[in-house]
Amino acid sequence: MSTQILNIDKNPMIQRVVGFLQCDSFDGFTSDDLFIMQFVKKGWGQDIAALSNMAEALMNASKSGLMGDSEVKVLLDSVVTRALHKKVSPYGKDPRAVENLGRYGYYLEHLNIILGCYQSAVDDAYLDLNLRVTEHLLGASMAEDNCHAPLLPNVRMRWSADQAAIIYSIWLFDQNNGTSLANELRDKWLSYMDTRMRDHGTGLYMTEVMGVKRYSKQPRGCALAYLIYYSSHFAPQMAAEQWGLFKRHMLIKRAGITGFREYLSSYKGGWTPDSGPIVAGIGVGASGLALKTAACMADTEVYDALNRSVAPVMTMLRGFMYVPLLNRLARLGTDLLATSIKLCADTRITSTKRTSL
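Residues numbered from 1 in each chain as written. Predicted model: local features only at pLDDT ≥ 70, side-chain atom pairs only at ≥ 80, totals over all residues. Heavy atoms only, no water.

**Student:** Explain the environment of Ser160 to me, using residue names and the numbers behind them.
**Tutor:** Note on placement: Ser160 falls in helix α6 (residues 160-177). A sequence separation of 46 residues divides Ser160 from Met206, and the C-alpha atoms of the two residues are 7.9 Å apart. Setting aside residues no more than four positions away along its own chain, Ser160 makes contact with His148, Trp189, Met193, Met197, Met206, Thr207, Val209 and Leu227. (Helix = DSSP H or I, 4+ residues; strand = E, 2+ residues; numbered from the N terminus. Contact = heavy atoms within 4.5 Å.)

**Student:** Help me get a handle on helix α9 (residues 236-250), residues and values and all.
**Tutor:** Compared with an ideal rise of 1.5 Å per residue, which puts 15 residues at 21 Å, α9 spans 20 Å between its outermost C-alpha atoms and is within 8% of the ideal. Taken together, the buried positions of α9 are Met238, Ala239, Gln242, Trp243, Leu245, Phe246 and Met250. (Expected span 1.5 Å × (residues − 1). Buried < 20%, exposed > 50% of the residue type's maximum accessible area, 1.4 Å probe, protein only.)

**Student:** Now, about the packing of aromatic side chains: what can you tell me, with residues and values included?
**Tutor:** For the structure on display, the rule yields 16 aromatic pairs. Ring geometry for Tyr118 versus Tyr126: centroids 5.0 Å apart, planes at 85°, classification edge-to-face. Exposure remark for Tyr126: the relative accessible area of 18% places this residue in the buried category. Cluster of aromatic residues (ring-pair linked, three or more members): Tyr168, Trp171, Tyr226, Tyr229 and Tyr230. In this structure, Lys292 is placed above the aromatic ring of Tyr229, and the distance from its NZ or CZ to the ring centre is 4.1 Å. (Phe/Tyr/Trp six-rings, centres within 6.5 Å; stacked < 30°, edge-to-face > 60°. Lys NZ or Arg CZ within 6 Å of the ring centre and 35° of its normal.)

**Student:** Describe unusual backbone geometry, naming the residues involved and giving the relevant values.
**Tutor:** The backbone phi angle of Cys147 is positive, close to 60°, even though this residue is not glycine. You can see Cys147 is positioned in the loop between α5 (127-142) and α6. A relative accessible area of 5% places Cys147 in the buried class. Despite not being glycine, Ala255 has its phi angle at roughly 50°, a positive value.

**Student:** Please provide a residue-by-residue account of helix α4 (residues 105-121), values included.
**Tutor:** In this model, α4 (17 residues) spans 24 Å end to end at C-alpha, consistent with the 24 Å of a helix rising 1.5 Å per residue. Most of α4 sits inside the fold, with 15 of its 17 residues counted as buried.

**Student:** Tell me about the environment of Met238, and please be specific about residues and values.
**Tutor:** With respect to the helices, strands and loops of the structure, Met238 is situated in helix α9. Taking the C-alpha atoms as reference points, Met238 and Ile228, separated by ten residues in sequence, lie 8.2 Å from one another.

**Student:** Explain the pairing of strand β2 (residues 257-260) to me, using residue names and the numbers behind them.
**Tutor:** One ladder, built from four bridges, connects strand β1 (residues 251-254) with β2; its direction is antiparallel. When the bridges of β2 are listed, Ile252 appears paired with Gly259. The turn linking β1 back onto β2 is made up of two residues, and Ala255 within it adopts a positive phi angle of 50°. (Pairing = 2+ DSSP bridges.)

**Student:** Go over the side chain of Gln163, please, and point to the residues and values.
**Tutor:** Position of Gln163 relative to the elements: it lies in helix α6. On the basis of relative accessibility, which here comes to 1%, the residue Gln163 falls in the buried class. Of note is the side chain of Gln163, whose polar atom sits 3.0 Å from the side chain of Ser141. (Polar contact = N/O pair within 3.5 Å; in protein donor to acceptor, adjacent residues only side chain to side chain.)

By themselves, these observations are geometric and do not establish any function.
As structure tokens, then:
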């Protein structure tokens, strides 16, 4: 089965995202928007991550001609407004009103990606904030010997995948503005990853630099998919190497379903909110995020294999949305985070496919 060109007008994911962004009564995400909020009221940052993926999907749609400039502007305006909203901002108010941006690297990485996507697809209306966040993330990263900025106050854990997203956000600023702010940080981070963060058995990068968790020194599927995707923009050679190793050691097929392992077969680990469910070794989070990675790496063979496994499950879950007692389960694969990640992947692979035609 060959990769299909995305039909924006009939795609249920774009309809879901557009419906959310066109709603005038936004007062924060709800449990109807994010599956995790049925259990964790603050959503563990999945709100800003969903908005970040929406912004990238809209930028992709703009650049590939899938959507018109005026439509993209209206929707990206809504993404930025929601990202700055007091119910999404960890400061409890618009970050432009905050004197010290502090140790909120996770929120700021995604906000910076959103602002970069906006400038790339629309204009420089948010350039001042984009520059401020860029300089803050750059300073916070360079201040650390391991080149990993703090992600949350009072939390030691620092995922290399998130640092890749931070560097990507700075790189995106550079692309938009003709600067080279990311270069020194990129080089130092790559050196640290090469010398300190490789798994000796596979060559894959380990997950977390501070050794906080039992799995910190393990390569994890969701982390690698995330890291390779963002790194492919600013360090394509490293990303290509890691993608090849990721496929060699963690891409598997079970009962006709293709997906990526969350952990190496030699390690016994359980599911986490990042991984989602793990079924027969296949991680839902790893496989979903790997759709974006395969699209960005222009690996249509892996993209199609993953998509053939994911598509019928997504269709089934969308059907469950209207079935009592099953509708809560349906949100696992159809909430705004999952929808936005898949939409980001589909808009990217469509752009790749159109370029090759």
